[in-house]
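So you can see what is in the structure, the chains are spelled out below.
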Amino acid sequence: MPGYATGRDLPAARAVDERDGDLDADVEFWGLLYLDPLFELRLLASESAAPAELAPGARPPGEDISAAALTLTSDARLRGLLEEAGTGDDFAAAVAAVLTAPDCRRFLRDPAAQDPAAVLARAFLAEAVRRRTGQEGPAPALDGTARDEAVVRITELLPGAAGPGTHRGPVTRKVKRTAGRLALGLASAQAVKRRSALTDAAHPAAGDVLLYLSRGAAIREAIAEAVRTAEPPVVLLAHSLGGIASLDLLVLRALPEVALLVTVGSQAPFLYELGALPSLEHGSPLPAHVPRWLNVYDRRDLLSYLGAGVFPGRVDDIAVDSRQPFPLSHSAYWSNPELYRVLAGELP
């Protein structure tokens, strides 16, 4: 029987690690913001007291910060960070959408709002990501570290910042508690709805794998042709389904010109344990002619699997962290500098 139940292909750190609890909470919080970019400011507005009446001639609270927000894209450094985060094209529209939302106007009318610059920065970035991921086409590669740096810069550019060191917060205790309850709800009371959302998000990758399992020969032949036309030594760098097809090809054929296989966010070990990898029956070892294999995974990517426990001594698993929730984590590898540092140290 396939050994899937052993879980040898599952990232051991996929469960919350106590040492990484704050980071995991941060990623989960961004996951909620991607679903509802106004989530945080709505909660903060609802917990505030009624706005005080303005003195004659006084500027309404929030007017200065709103005006500054509309000029954010004039800052060259911020534009560069937004491009790195994959949100440059959507940011200006995101700012306008957040500022004109009734929840935001209510939040900005409160003169006692805590660190409005940081709260708005997160809302702007979350709305930009929501718009980007809602577009047709391949899933975007959005890097969480670049996103966080963009939040820092936005906070610096807006009046009303709470001061140095607050760009990743502060998120009030009420917001954190509410976010935690919502995250638990997504995994329990709303499990069916959450499972549907995850299935929809993973559908392109899952559909590609199913298509490959029924008609994979043409895909393997296309990879083999690319290897034949490349100058040795050849490195096969493959993402998701590409990792399955590349491993299959290398198991079925000895290609001595291939010096290294690098799979990224791949399900190949999972299919092997299921007994569903076309080229290799479960329990059979990798043939000796299969080259060195690096398997890059992100514990937040639910479509990435470990290989070292499945193929002992034949696979090196390398962890990276996109700081993005699933499903964004499955495509975030390509905007993550960690991946390129790994490749720079391994390419022949």
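Counting restarts for each chain, with residues numbered from 1 along the sequence as it is written. Where totals are concerned, whole chains, interfaces and linings use all residues; where local detail is concerned, this predicted model gives features only for residues with pLDDT of at least 70, and gives and counts side-chain atom pairs only at 80 or more. Only hydrogens and water are removed before side-chain values are computed, so all heavy atoms of the structure are retained for them.

Student: Please clarify how the overall build of the protein should be interpreted in this entry.
Tutor: Helix numbering and strand numbering both begin at the N terminus, where a helix is a DSSP run of H or I of at least 4 residues and a strand a DSSP run of E of at least 2. Within the protein, the regular secondary structure consists of 15 helices and four strands. With a 1.4 Å probe rolled over the protein chains alone, any residue whose accessible area is under 20% of its type maximum counts as buried; one over 50% counts as exposed, and the rest are partly exposed. Each of the 348 residues in the protein was classed as buried or not, and the buried ones make up 47%. It only takes one pair of heavy atoms within 4.5 Å for two residues to be counted as in contact. Sequence-distant contacts, at least 24 apart, represent 77% of the contacts inside the protein between residues at least 6 apart. The accessible surface values rely on the Shrake-Rupley method and a 1.4 Å probe; as for residues, cover is taken only from the protein chains in view. Counting only carbon and sulfur atoms, one obtains 57% of the accessible surface of the protein, whose full area is about 16900 Å².

Student: In this structure, what is going on with the environment of L38? I would like to understand it.
Tutor: Locating L38 in the fold gives a position in the loop between α1 (21–35) and α2 (39–47). The sequence separation of L38 and D103 amounts to 65 residues, and the corresponding C-alpha distance is 7.2 Å. For L38, the residues in contact, after removing those within four places along its chain, are V98, A101 and D103.

Student: In this structure, what is going on with the packing of helix α7 (residues 116–133) against helix α8 (residues 144–157)? I would like to understand it.
Tutor: Think of two packed helices as two axes; the pair is described by the angle between the axes and how far apart they sit. Lines fitted to C-alpha atoms define the axes, with helix axes restricted to the stretch in contact, and inter-axis angles between N-to-C directions lie between 0 and 180 degrees. Two elements in contact, α7 and α8, have axes separated by 9 Å at closest approach and are oriented at 135°. Here α7 is positioned oblique relative to α8, judged by the angle of their axes. Relative to α8, the crossing made by α7 is right-handed. Where α7 approaches α8, its residues A117, A118, A121, R122, F124 and L125 are matched on the opposing element by R147, A150, V151, I154 and T155. In this scheme, roughly parallel covers angles under 35 degrees and roughly antiparallel covers those over 145, while 65 to 115 is roughly perpendicular and the rest are oblique. Less than a right angle of anticlockwise turn of the near helix away from the far helix marks a crossing as left-handed, whereas a clockwise turn marks it as right-handed.

Student: What exactly am I supposed to notice about the pattern of salt bridges here?
Tutor: Opposite charge on two side chains lets them pair, provided their charged atoms get close. The salt bridge criterion pairs a side-chain nitrogen of Lys or Arg with a carboxyl oxygen of Asp or Glu, the two atoms within 4 Å. Here the structure, examined in full by the defined rule, presents 18 salt bridges. The closest approach of N and O atoms between D103 and R42, which form a salt bridge, is 3.0 Å. Of the two residues, D103 is situated in helix α6 (residues 102–108) and R42 in helix α2; the sequence distance between them amounts to 61 residues. Classification of R42 as partly exposed rests on a relative accessible area of 29%. Across the salt bridge formed by R253 and E221, the nearest N and O atoms sit 2.8 Å from each other. Here the residue R253 occupies a position in the loop between α12 (241–252) and β2 (258–264), and E221 occupies one in helix α11 (residues 217–229), the gap between them amounting to 32 residues. Overall, R253 belongs to the partly exposed group, its relative accessible area being 31%. Look at the salt bridges and you will find they share partners, linking D26, R147, D148 and R323 into a network.

Student: Is there a simple way to think about the environment of I219 in this case?
Tutor: Here I219 lies in helix α11. Residue I219 is classed as partly exposed on the basis of its relative accessible area, which comes to 31%. With 27 residues separating them along the chain, I219 and S246 place their C-alpha atoms 9.0 Å apart. When residues no more than four places from it in sequence are discounted, the contact partners of I219 are Y212 and A245.

Student: Would you mind going over the nonpolar core with me for this structure?
Tutor: In summary, soluble globular proteins display a tendency toward joint burial of nonpolar side chains. We call a set of buried Ala, Val, Leu, Ile, Met, Phe, Trp, Tyr and Cys residues a nonpolar core when their side-chain atoms join them within 4.5 Å. Within the largest apolar cluster, 42 residues are counted, with the highest numbers of intra-cluster contacts made by L41, F91, L120, F124, I154 and L158. A total of ten residues in this core trace back to one element, the largest contributor, which is α7. When sequence neighbours within four positions are dropped, the list of residues in contact with L41 reads V98, D103, C104, F107, V119, L120 and A123. Judged by nonpolar contacts, the second largest core, of 30 residues, contains V258, Y272, W293 and V315.

Student: I would appreciate a short explanation of unusual backbone geometry in the present structure.
Tutor: Excluding glycine, a negative phi dihedral is what most residues carry, and trans is how most peptide bonds are arranged. Put simply, P232 and P233 share a cis peptide bond, and its omega is -5°. Turning to its location among the elements, P233 is positioned in the loop between α11 and β1 (234–239). The step from F326 to P327 runs through a cis peptide bond, and the omega angle for that step is 10°. As for its placement among the helices and strands, P327 is situated in the loop between β4 (315–319) and α14 (328–331). The backbone phi angle of S240 is positive, close to 55°, even though this residue is not glycine.

Student: Hey, could you run me through α8 in this one?
Tutor: At 3.6 residues per turn, the α-helix brings residues three or four places apart onto the same side. Between the first and last residue of a helix there are one fewer steps than residues, each counted as 1.5 Å, and that sum is the expected span. For α8, with 14 residues, the first-to-last C-alpha span of 20 Å sits near the 20 Å given by 1.5 Å per residue. In terms of residue burial, α8 counts as a mostly covered element, since ten of its 14 residues are buried. Residues of α8 that are buried include every one of G144, A146, R147, D148, A150, V151, V152, R153, I154 and T155, and no others.

Student: I tried to follow the sheet that holds strand β3 (residues 292–297) on my own but got confused; where do I start?
Tutor: Adjacent strands of a sheet pair through backbone hydrogen bonds, lying either parallel or antiparallel. Sheet architecture is open: four strands sit in the order β1-β2-β3-β4, paired in parallel fashion. Of all strands in the sheet, those with a lone pairing partner are β1 and β4, marking the two edges. Taking the axes of each pair of neighbouring strands and ignoring which way they run, one obtains an average angle of 20° across the sheet. One ladder, built from six bridges, connects β1 with β2; its direction is parallel. The partner of L236 across the bridge, within β2, is L261. Sitting on the sheet, α12 is in contact with β1, β2 and β3, with an inclination near 140° to β1. When DSSP finds two or more bridges between two strands, those strands count as paired.

It is worth stressing that arrangement in space is one thing and function is another; only the former is reported here.
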